[in-house]
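Topology and contacts: notes
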Amino acid sequence: MEKKSLKPGRVVEKPTNPMVTPLLNDLYQFTMAYAYWKAGKQSERSVFDLYFRKNPFGGEYTIFAGLEECIKFLANFKLTDEEIDFVRDSLPGCEEAFCDYLRGLDCSDIEVYAVSEGSVVFPKVPLLRIEGPVAVVQLLETPFLNLINYASLVATNAARHRFVAGKSKLLLEFGARRAQGPDGAISASKYCYLGGFDATSNVAAGKLFGIPLRGTHSHAFVSSFMSLDEIVDKALRSSDGKTTCEDFVNLVQTCLAKIQNSSSVSGIFSETNKSELAAFTSYALAFPSAFLALVDTYDVMKSGIPNFCAVALALNELGYKAVGIRLDSGDLAYLSTEARKFFCGIERELNVPDFGKMIITASNDLNEETVDALNKQGHEVDAFGIGTNLVTCYSQAALGCVFKLVEINGQPRIKLSEDVTKVSIPCKKRTYRLFGKEGYPLVDIMTGENEPPPKVGERLLCRHPFNESKRAYVVPQRVEELLKCYWRGNADEAREELEPLKEIRNRCIKQLENMRPDHMRRLNPTPYKVSVSAKLYDFIHFLWLNEAPVGELH
């Protein structure tokens with residue numbers, strides 16, 4: 001991937017998706033840029049906040065994701081001549097001098113302050129503060145919203161699935177085939193991993209982001225076999241390479257006979273499907289060190305499990321250990337429990353160490369609710385493969401981030417609405433997270449840029465930005481400033497460097513573990529408090545009254 005150097009020692013890659021260019025924009029961003037330019041306002045210094053108004057999925061937290069791609073976009077922001085020609089043709093009466101202006105645009109005069117990617121975040125608190133010439137900042141609005149909305153939504157969805165599944169279970173993202181297009185698939189794999197998933201089936205995402213890959217075979221592979229006679233090369237070397245089994249097929253059949261004669265599994269099955277046995281045997285010959293079989297093509301307990309165990313026992317005799325099975329249909333709680341009993345019975349009777357500990361993976365249109373239901377029923381599933389409901393965010397289509405002007409030329413601005421949730425919080429702000437005695441975050445507070453920061457051990461009044469009766473004093477035991485500088489154009493000042501995906505993932509997991517349990521629960525979670533300082537509260541309402549027109553009665 002091509003990289004662009006902004007200054008010595010500082011290199012930023014291009015966006016992952018080559019379609020992320022300045023033209024990935026709504027038309028009104030260019031019409032506004034033209035109108036700003038015509039009015040001579042294009043270089044006026046502006047401040048915008050990017051934030052969301054409500055947590056998704058009925059929860060009380062969100063995971064912030066997509067920052068890295070925004071910084072990559074900034075670093076490579078440049079309109080080509082072809083793109084400028086298209087913009088000119090799309091704007092009625094566009095003057096050639098505006099095209100010259102567009103040719104000179106870059107993000108060297110832009111500053112971006114952001115919450116660290118992978119952080120737990122809450123409504124109204126700016127995820128990004130963008131400062132710079134108003135016409136350029138407006139051209140960042142749609143790309144930034146596009147890069148952050150879905151990334152944060154699917155990362156949050158992944159985190160919610162992780163919370164329900166528990167720390168000990170493997171979570172596998174299987175959504176590429178059901179995602180909304182190639183970019184949806186790639187983005188989902190990246191941000192599900194960030195949100196706490198362990199691996200993906202998406203090979204391209206594995207290559208791009210270093211995400212561990214997992215996968216086995218489909219029902220088509222099983223049903224493509226007709227009999228054991230199709231297996232031509234039957235030889236398999238032992239795991240230590242010292243011996244070779246010349247007829248692995250015969251060894252598998254011998255092991256199946258042992259299972260059939262085993263008292264611990266008597267009455268469960270009689271004759272298994274031999275074409276399925278052929279498929280499993282063939283797959284084991286290809287992947288003796290990574291044998292994991294899909295066992296529900298014909299009948300799980302009467303064929304799939306016995307056939308799998310026969311191949312697993314044969315591999316064991318050659319020094320290999322089978323990985324486990326995947327269940328993709330049926331009663332997953334019951335079948336996983338019965339499969340575990342079957343494995344443990346063979347371990348005891350045939351004296352095969354750890355045979356009962358093989359991994360049981362479940363798939364089949366799983367979601368947060370079905371995993372929760374399985375936990376309540378009791379099951380023996382070790383890993384969940386989750387696709388459609390995860391990557392499409394089936395239970396909520398969008399996060400709803402917005403991009404609002406809060407200051408122009410040093411003058412605070414406010415957006416009013418009859419719906420108070422849509423009233424913006426004006427001026428350039430600093431944001432802090434205040435922690436209590438038990439180490440949990442208590443409240444996020446926004447202050448004016450020039451207000452003194454909250455101090456550890458110092459009593460502070462925190463106010464709801466719009467509801468005058470909601471207020472509380474807090475004595476923080478720890479204070480963390482949330483917005484850090486991630487972009488200063490070509491300036492030499494220090495800024496935060498982009499982090500590896502694994503570090504971002506670790507931040508997400510650690511912060512979620514540090515949240516108070518009542519904020520995290522699935523049903524009726526406690527809302528996390530977001531507040532403003534007393535001084536900012538007073539200013540918001542002063543500006544509100546100043547900007548709101550006064551009615552007249554007749």
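Small disclaimer: the values here were computed from a predicted structure and weren't measured.

**Description of the UniProt feature "domain: Nicotinate phosphoribosyltransferase N-terminal" (unreviewed entry) in the protein chain**
- UniProt's entry tags residues 23-149 with the feature "domain: Nicotinate phosphoribosyltransferase N-terminal" (unreviewed entry), counted in the numbering of this structure.
- With 43% helix and 17% strand, the stretch residues 23-149 has end C-alpha atoms that lie 18 Å from each other.

**Some remarks on the sheet that holds strand β7 (residues 128-133)**
- Taken in spatial order, the 6 strands make up an open sheet running β17-β16-β3-β7-β5-β23, and their pairing is antiparallel. Edge positions in the open sheet fall to β17 (411-412) and β23 (484-487), since each of these has one partner strand only.
- Bridge count for strand β5 (residues 111-114) against β7 is 4 bridges, and the pairing is antiparallel. Pairing of Glu111 across the sheet is with Glu131, part of β7.
- Taken strand by strand, helix α2 (residues 67-75) contacts β5, β7 and β23, and its axis lies near 45° from that of β23.
- In the packing of helix α5 (residues 134-165) onto the sheet, contacts are made with β3 (45-51), β5, β7 and β16 (402-408), and the angle to β7 comes to roughly 155°.

**Describing the pairing of strand β20 (residues 460-463)**
- Where β20 lies against strand β21 (residues 471-474), 4 bridges are found, and the strand directions are antiparallel. Bridge pairing in β21 places Arg463 opposite Arg471.
- Inspection of the sheet shows β20 paired to strand β24 (residues 529-533) by 2 bridges, in the antiparallel sense. Bridge assignment links Arg463 to a residue of β24, and that residue is Val532.

**Focus: the sheet that holds strand β14 (residues 359-362)**
- Judged by pairing direction, the sheet is parallel, and its 6 strands sit side by side in the order β9-β8-β15-β14-β13-β12 without closing on themselves. In this open sheet, the two edge strands, each paired with only one partner strand, are β9 (199-200) and β12 (292-294).
- With 2 bridges connecting them, β14 and strand β15 (residues 383-386) associate as parallel partners. Counterpart to Ala362 in the pairing with β15 is Phe384.

Cut-offs and rules
Residues numbered from 1 in each chain as written. Predicted model: local features only at pLDDT ≥ 70, side-chain atom pairs only at ≥ 80, totals over all residues. Heavy atoms only, no water. UniProt positions renumbered as here; feature names shortened; annotations may be inferred. Helix = DSSP H or I, 4+ residues; strand = E, 2+ residues; numbered from the N terminus. Pairing = 2+ DSSP bridges. Contact = heavy atoms within 4.5 Å. Axes fitted to C-alpha atoms, helices over the stretch in contact; angles between N-to-C directions.

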